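# Structure at a glance
Okay, here's what each chain looks like letter by letter:
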Amino acid sequence: MQDISRTKYDGVAMILHWVTALLLIFMIIFGEELIEAGEHEEAAEALMNTAFLPSLHVSFGMAILLLTLLRLIWRALNPPPPYPAAMKSWEVTLSKVTHALFYVLMIGIPFTGWLAFGEFLREEPAMSAVRVFGLFAVPAGPDFGEWAKELHEIGSNAAMALVILHVLAALKHQFVDGDHIFRRMLPH
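Residues numbered from 1 in each chain as written. Predicted model: local features only at pLDDT ≥ 70, side-chain atom pairs only at ≥ 80, totals over all residues. Heavy atoms only, no water.

## Brief notes about the packing of helix α3 (residues 89-123) against helix α4 (residues 146-177)
The contact between α3 and α4 brings their axes to 8 Å, and the two run at 155°. When the axes of α3 and α4 are compared, the pair comes out roughly antiparallel. In the crossing of α3 with α4, the sense of the turn from one axis to the other is left-handed. Looking at the contact of α3 with α4 residue by residue, the classes come out as 13 nonpolar, 9 polar and 6 charged. (Axes fitted to C-alpha atoms, helices over the stretch in contact; angles between N-to-C directions. Helix = DSSP H or I, 4+ residues; strand = E, 2+ residues; numbered from the N terminus. Parallel < 35°, antiparallel > 145°, perpendicular 65-115°, else oblique. Left-handed = near helix turned anticlockwise from the far one by under 90°. Nonpolar A, V, L, I, M, F, W, Y, C, P; charged D, E, K, R; others polar.)

## Brief notes about helix α1 (residues 11-36)
The first and last C-alpha atoms of α1 sit 36 Å apart over 26 residues, in line with the 38 Å expected at 1.5 Å per residue. At Phe30, α1 shows its largest kink, close to 65°. Every buried residue of α1 is listed here: Ala13, Met14, Leu16, His17, Thr20, Ala21, Leu23, Leu24, Met27, Gly31, Leu34 and Ile35. (Expected span 1.5 Å × (residues − 1). Bend = angle between axes of the 7 residues up to and from the residue. Buried < 20%, exposed > 50% of the residue type's maximum accessible area, 1.4 Å probe, protein only.)

## Thoughts on a nonpolar patch on the surface
A surface patch of nonpolar side chains, about 700 Å² in accessible area, is lined by Met160, Ile164, Val167, Leu168, Leu171, Phe175 and Val176. When you line up the elements, Leu171 lands in helix α4. (Patch = residues over 30% accessible without salt bridge, like charges linked within 9 Å, V, L, I, M, F, W, Y side chains within 5 Å. Areas by Shrake-Rupley, 256 points an atom, 1.4 Å probe, with all protein chains shown as cover. Salt bridge = Lys/Arg side-chain N within 4 Å of Asp/Glu carboxyl O.)

## Points about the packing of aromatic side chains
Tallied over the full model, the rule gives 5 aromatic pairs. Judged by centre distance (5.3 Å) and plane angle (70°), the ring pair of Phe26 and Phe60 falls under edge-to-face. Linking Phe26 in helix α1 with Phe60 in helix α2 (residues 47-77), this pair joins segments that are 34 residues apart in sequence. Overall, Phe26 belongs to the partly exposed group, its relative accessible area being 27%. Overall, the relative accessible area of 22% leaves Phe60 in the partly exposed class. Taken together, the aromatic side chains of Phe26, Phe30 and Phe60 make up a single cluster linked through ring pairs. Across from the ring centre of Tyr83, 5.2 Å away, lies the NZ or CZ of Arg184, which sits over that ring. (Phe/Tyr/Trp six-rings, centres within 6.5 Å; stacked < 30°, edge-to-face > 60°. Lys NZ or Arg CZ within 6 Å of the ring centre and 35° of its normal.)

## A word on the side chain of Thr98
Mapped onto the fold, Thr98 is located in helix α3. Here Leu94 takes part through its backbone oxygen, which lies 2.8 Å from a polar atom of the side chain of Thr98. The residues contacting Thr98, other than those within four sequence positions of it, are Leu162 and Leu165. (Polar contact = N/O pair within 3.5 Å; in protein donor to acceptor, adjacent residues only side chain to side chain. Contact = heavy atoms within 4.5 Å.)

## Structural notes on the nonpolar core
Within the largest apolar cluster, 16 residues are counted, with the highest numbers of intra-cluster contacts made by Leu23, Leu24, Ile64, Phe102, Leu105, Met106 and Ala159. The contact partners of Leu24, leaving out residues within four places of it in the chain, are Ile64, Phe102, Met106, Ala159 and Val163. The next biggest cluster of nonpolar side chains, apart from the first, holds 10 residues, and it includes Ile35, Phe117, Met127 and Val138. (Core = buried A, V, L, I, M, F, W, Y, C linked by side-chain atoms within 4.5 Å.)

## Looking at the pattern of salt bridges
Scanning the entire structure with this criterion turns up 2 salt bridges. Ionic pairing is found between Lys172 and Asp177, a salt bridge with its closest N-O pair at 2.4 Å. Here Asp177 falls in the partly exposed class, since its relative accessible area comes to 34%. Salt bridges here are not isolated pairs; linked through shared partners, they connect Glu91, Lys172 and Asp177.

Quick look at the structure:
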């Protein structure tokens, strides 16, 4: 049973939120440059250096996916605190929709990236040196070609828009409404 007097997320939820948020923001800003860093490099001696940044892209994407799955499990076992009573019903609905879209995107973007990786390898064979967390090659998956890459990019743009909306909403609640909703995700 959920403690309705609880006004903050627990420490695990906060850590999962902020680590995922930092990785997601990093990927929104630098993700395309990381993967493109490996393009147009042909020299065999530069292979490992060339694959480092694309490997970072793939590893951060995988980390976002794994953290998101862990967040969903944690959230199911540890429901979030209730919204402030003063929140309007449309704000609660928009918040729930935004959070659901975040989860869809944080699973869908890495998945579509994996689906697009086959075409990337066809275009850039040297990228077979890309490693997930430096441990293993990207597992072979179905090659869905250009449409998977496009869907991956659309998802990234949607994530950027949602991050902006999420931050603006948190700032509005904190400084305009004064309901301190931002504090729900901060320690102490």
